[in-house]
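So the chains spell out like this:
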Amino acid sequence: MKILFFGDIVGQLGRQALAKILPELKKETRSDLVIVNGDNVAHGQGLTQRAVQEVISAGVDFLTGGDHAFVLKEAIAVLEAKTLPVLRPYNWPGMVPGRGFEIIPCGARRILLVSLIGRVFMRQDFDDPFQKISALLEDYSLKGQEQGSEAVDAILIDFHAEATSEKAALAWFLDGKVSAVLGTHTHVPTADEKILLGGSAFISDLGMVGPVNSVLGAEKENVIKRFLTQRMIKNGVATGAVEINGICLTLDERSGLAQNIERIRKIIDLE
Ligand SMILES: [Fe+2]
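Because the structure is predicted, anything quoted here is derived from the model rather than measured.

Rules used in this analysis
- Per chain, residues are indexed from 1 in the order of the written sequence.
- Per-residue local features of the predicted model are confined to residues with pLDDT of at least 70, and side-chain atom pairs are confined, for both listing and counting, to 80 or more; whole-chain, interface and lining totals are unaffected and use all residues.
- Neither water nor hydrogens contribute to the side-chain values; these are computed over all heavy atoms in the structure.
- Where helices and strands are cited, they refer to DSSP runs of H or I of at least four residues and of E of at least two residues respectively, numbered from the N terminus.
- We compute the radius of gyration over the C-alpha atoms and compare it with the globule rule, which gives 2.2 Å times the number of residues raised to the power 0.38.
- Should any heavy atoms of two residues lie within 4.5 Å, those residues are counted as being in contact.
- Areas reported here follow the Shrake-Rupley algorithm with a probe of radius 1.4 Å; residue values treat only the protein chains shown as occluding.
- Note that His is not counted, nor are the chain ends; the positive residues are Lys and Arg, and the negative ones are Asp and Glu.
- All charge positions are set by atom: Lys at NZ, Arg at CZ, Asp at CG, Glu at CD.
- Coordinating donors are taken to be N, O and S atoms lying within 2.8 Å of the metal, or within 3.2 Å when the metal is Na, K or Ca; because water is excluded from the atom set, some sites may appear incomplete.
- Four donors are marked tetrahedral only if all angles between them lie between 85 and 135 degrees, whereas four are marked square planar and six octahedral if opposite donors are more than 155 degrees apart and the other angles lie between 65 and 115; the remainder are marked irregular.
- The cut-offs for exposure are 20% and 50% of the maximum accessible area for each residue type, with area from a 1.4 Å probe on protein chains only; residues under the lower value are buried, those over the upper are exposed, and the others partly exposed.
- Note on terminology: pairs of cysteine sulfur atoms within 2.5 Å are recorded as disulfides.
- Think of a patch as exposed residues, more than 30% relative accessible area, with no salt bridge, where like charges cluster within 9 Å and nonpolar side chains (Val, Leu, Ile, Met, Phe, Trp, Tyr) cluster within 5 Å.
- For this analysis, a salt bridge means a side-chain nitrogen from Lys or Arg found within 4 Å of a carboxyl oxygen belonging to Asp or Glu.
- In this description, strands pair whenever DSSP reports at least two bridges between them.
- The directions considered for the arc are those from the helix axis to the C-beta atoms.
- For this analysis, a polar contact is any N or O atom pair within 3.5 Å, provided that within protein one partner can donate a hydrogen and the other can accept it, and provided that sequence-adjacent residues contribute only side-chain to side-chain pairs.

(A) Main features of the overall build of the protein. A count of helical and extended segments in the protein gives 6 helices and 14 strands. Here the C-alpha atoms of the protein give a radius of gyration of 17 Å, agreeing with the 18 Å that 2.2 N^0.38 yields for 271 residues. Seen through its principal axes, the protein has C-alpha atoms that stretch 55 × 40 × 35 Å. Long-range pairs, those at least 24 residues apart, make up 63% of the contacts in the protein between residues at least 6 apart in sequence. Counting every atom, the protein has about 12100 Å² of accessible surface; 52% of that belongs to carbon and sulfur. When the 29 positive and 34 negative side-chain charges of the protein are each reduced to one mean point, those points stand 4 Å apart.

(B) Spatial organisation of the coordination of the iron ion. Of the protein atoms, only D39 (OD), D67 (OD), H160 (NE2) and H185 (ND1) coordinate the iron ion, at distances of 2.1 to 2.3 Å. What the 4 donor atoms of the iron ion show is an angle range of 76 to 169° at the metal, which sorts the shape as irregular. Counting the intervening residues between successive donors of the iron ion yields the motif D-x27-D-x92-H-x24-H. Placement of D67 in the loop between strand 3 (62–64) and helix 3 (75–80) and of H185 in the loop between strand 9 (180–184) and strand 10 (194–195) is noted, with a sequence separation of 118 residues between them. The same class applies to D67 and to H185, which are both buried.

(C) Structural detail: the side chain of T250. On the secondary structure map, T250 appears in strand 13 (residues 242–251). Relative accessible area serves as the criterion here: at 14%, T250 is assigned to the buried category. When near neighbours in sequence (up to four residues on either side) are disregarded, T250 contacts M1, K2, L257, A258, Q259 and N260.

(D) Broad picture of the state of the cysteines. Across all of its chains, the model carries 0 disulfides by this definition. We note that C106 lacks a disulfide partner, and the nearest cysteine sulfur, in C248, lies 13 Å from it. Judged by relative accessible area, which is 6%, C106 ranks as buried.

(E) Geometry of a nonpolar patch on the surface. A surface patch of nonpolar side chains, amounting to about 220 Å² of accessible area, comprises V188, V215 and L216. Relative to the helices and strands, L216 resides in the loop between strand 12 (209–211) and helix 6 (220–229). Residue class for L216 comes out partly exposed when judged on its relative accessible area of 47%.

(F) Highlighting the pairing of strand 9. Among the 5 residues in strand 9, 5 count as buried, and that is most of the element. Of the pairings in the sheet, the one linking strand 8 (residues 154–160) to strand 9 comprises 5 bridges and is parallel in character. Bridge pairing in strand 9 links L156 to A180. Pairing geometry for strand 9 and strand 11 (residues 201–203), over 3 bridges, is parallel. The residue of strand 11 that forms the bridge with A180 is A201.

(G) Focus on the environment of Q16. Within the secondary structure, Q16 sits in helix 1 (residues 11–29). Residue classification places Q16 among the partly exposed residues on the basis of a relative accessible area of 34%. Sequence separation between Q16 and K132 is 116 residues; the distance between their C-alpha atoms is 35 Å. Not counting residues within four places of it along the chain, the set of residues in contact with Q16 comprises E54 and L270.

(H) Representation of helix 4 (residues 129–136) in the model. For helix 4, the set of buried residues is P129, I133 and L136. Down the axis of helix 4, the buried side of the element spans an arc of 55°, and every buried residue falls inside it. Its side-chain oxygen at 2.8 Å from the backbone nitrogen of F130, D128 defines the N-terminal cap of helix 4.

Given below as structure tokens:
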């Protein structure tokens, strides 16, 4: 089973870039499923129905969430619509709209996709991701490992977090119980992709699908101004060439554990 998983997709340029490369990439990798982190899919922050629909039309099957899940008013309707394949972080506290995990049908297989968010260096006070995922994995497990729980063919965790230590710790905590723990949020791809001792794939951060000549996807000039003046200066999404960062994950059909994790990095100019 092959899965393409991309990091934070940033704004219209990110959406267009993914639409451009995805048909060929899907053919090339013979992937069964495509997932992307949607934290910055609309205008560089948050969710809109139009942006989500555009990404789905491009060939993406599901979007995971992040800290900007509720930034735009329109996001509530997007997250409440059960027909839209969009998650918000599962460990978001309180009674918030949307869902944090989903069982995705993939041919005859069933894949559990979970969106989690970290707590280190995050402004909000999220619930403990370690405890939340532990409780969820009492209800679902990889086939062959079930102990009174529902069996699935793969378990994919998007861990939207800032600190590499928190991401690595969660990956080792879940090693052998899930197919992969994939970090998102920093927009910077890390070169530490590996298969852990128990068979789960891990990477600290997938990196973004967004403008290359930018500060994490945002217009560099305004971000520099922010640092120089210590004022909150509004910034938009940068323009120009786009970097596409993600991974191609190969999973064992029988165990659902990882066989291979390979980084994808492409830079394309849409002009
Ligand atoms: Fe984020």
